[in-house]
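# Structural characterization, general
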Amino acid sequence: AQSVSQHNHHVILSEAASLELGCNYSYGGTVNLFWYVQYPGQHLQLLLKYFSGDPLVKGIKGFEAEFIKSKFSFNLRKPSVQWSDTAEYFCAVRGAGGYNKLIFGAGTRLAVHP
Amino acid sequence: EAQVTQNPRYLITVTGKKLTVTCSQNMNHEYMSWYRQDPGLGLRQIYYSMNVEVTDKGDVPEGYKVSRKEKRNFPLILESPSPNQTSLYFCASSTTGGTGELFFGEGSRLTVL
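Anyway, here's the lowdown on the structure attached to this text. (Residues numbered from 1 in each chain as written. Chains lettered and ligands numbered in written order. Predicted model: local features only at pLDDT ≥ 70, side-chain atom pairs only at ≥ 80, totals over all residues. Heavy atoms only, no water.)

The subject of this paragraph is the nonpolar core. Soluble, globular proteins show a tendency: their nonpolar side chains are buried together. A:Trp35, A:Leu48, A:Leu76 and A:Tyr89 are the most contacted members of the largest nonpolar core, which totals 30 residues. The residues touching A:Tyr89, leaving out its near neighbours within four places in the chain, are A:Gln6, A:Leu21, A:Trp35, A:Tyr36, A:Val37, A:Leu47, A:Phe63, A:Leu76, A:Gly107, A:Thr108 and A:Leu110. By size, the runner-up hydrophobic cluster in this structure holds 19 residues, among which are B:Val21, B:Met32, B:Phe74 and B:Cys91. (Core = buried A, V, L, I, M, F, W, Y, C linked by side-chain atoms within 4.5 Å. Buried < 20%, exposed > 50% of the residue type's maximum accessible area, 1.4 Å probe, protein only. Contact = heavy atoms within 4.5 Å.)

All names here are of chain A. Tracing the chain through its elements places lysine 71 in the loop between strand 8 (64-68) and strand 9 (73-78). Owing to a relative accessible area of 55%, lysine 71 belongs among the exposed residues under this scheme. Along the backbone, lysine 71 and tyrosine 25 are 46 residues apart, and their C-alpha atoms lie at a distance of 8.9 Å. (Helix = DSSP H or I, 4+ residues; strand = E, 2+ residues; numbered from the N terminus.)

Time to look at the pairing of strand 9 of chain A. All names here are of chain A. The buried fraction of strand 9 is high, at five of six residues. Examined bridge by bridge, strand 3 (residues 19-21) and strand 9 share three bridges and lie antiparallel to one another. Along strand 9, the bridge assignment pairs glutamate 20 with arginine 77. Pairing analysis gives five bridges linking strand 8 to strand 9, with the strands arranged antiparallel. (Pairing = 2+ DSSP bridges.)

As a further point, take the interface of chain A and chain B. Many structure descriptions define interface size as the accessible area lost when the parts assemble. Opposite the 18 residues of chain A that make contact, chain B presents 23 residues. Together chain A and chain B conceal approximately 1,600 Å² of surface at their shared face, both sides included; 55% is due to carbon and sulfur atoms. The largest per-residue losses of area from chain A upon contact with chain B belong to A:His43, A:Tyr99 and A:Phe104, which jointly make up 35% of the total buried on that side. Across the contact surface, chain A and chain B share zero salt bridges. A total of three residues in the side of chain A that touches chain B trace back to one element, the largest contributor, which is strand 10 (residues 87-95) of chain A. Taken together, the residues of the side of chain A that touches chain B break down into nine nonpolar, six polar and three charged. (Buried area = accessible area lost by both parts, 1.4 Å probe. Salt bridge = Lys/Arg side-chain N within 4 Å of Asp/Glu carboxyl O. Nonpolar A, V, L, I, M, F, W, Y, C, P; charged D, E, K, R; others polar.)

Okay, the state of the cysteines next. This model, assessed by the stated rule, comprises two disulfides over all chains. The disulfide that involves A:Cys23 links it to A:Cys91, with 1.9 Å between the sulfurs. Between A:Cys23 and A:Cys91 the sulfur-sulfur dihedral comes to about -65 degrees; the bridge is accordingly left-handed. Taken together, the positions of A:Cys23 in strand 4 (residues 23-26) and A:Cys91 in strand 10 put the pair 68 residues apart, joining distant regions of the chain. In this structure, A:Cys23 and A:Cys91 share a single accessibility class: buried. Note that B:Cys23 is cross-linked by a disulfide to B:Cys91, the S-S spacing being 1.9 Å. Here B:Cys23 and B:Cys91 share a disulfide; its torsion about the S-S bond, -75 degrees, makes the bridge left-handed. Of the two residues, B:Cys23 is situated in strand 3 (residues 19-25) and B:Cys91 in strand 9 (residues 87-94); the sequence distance between them amounts to 68 residues. B:Cys23 sits in the buried class, given a relative accessible area of 2%. (Disulfide = S-S within 2.5 Å.)

What follows is the structure in structure tokens.
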């Protein structure tokens, strides 16, 4: 079955700490991969996406993610988090080519303390 | 400003009282979709629409209806709401048949007593 697994449901960090959020997916075939962020009380916004090419993708606000095809993973990273990064982060996968449903992970809630 | 607008943002209702959550986008997107967000479950798709008069079920369509009479609007209808439909609902739209980036509305928090 197609699915997305986010390993950590809650992460607590201090400012300036490094961040890595795990995402693994189960999907046959070529995929498009996404990370969305939801700040408290707001709607989801696209952080970054991977369609093809360089597996290291850079997004907004200093975030990056690396697609490792052999591991079916698309982990999100940031070298130094800020208090304003406190949010919920969702990994999502979709089959490439034509319409395919976007499948979301359960989300990881990140709290950054000053 | 490009946006997806949902109304109402917050609603408390009682079991069985029909309600409609409206969704409108101003980006001329063909594709629109409804999701519900529940703790620990992420976002699950309720219905989607590839274009006007074309709708299809997502993962959790039971208890919901939709319509797509105009390109910009995609209302979500709960004919007889039940407490298990208490959730946070998001409308989203996209270009290119749902293959592009999804733009989300602000969300509608619904409580059914």
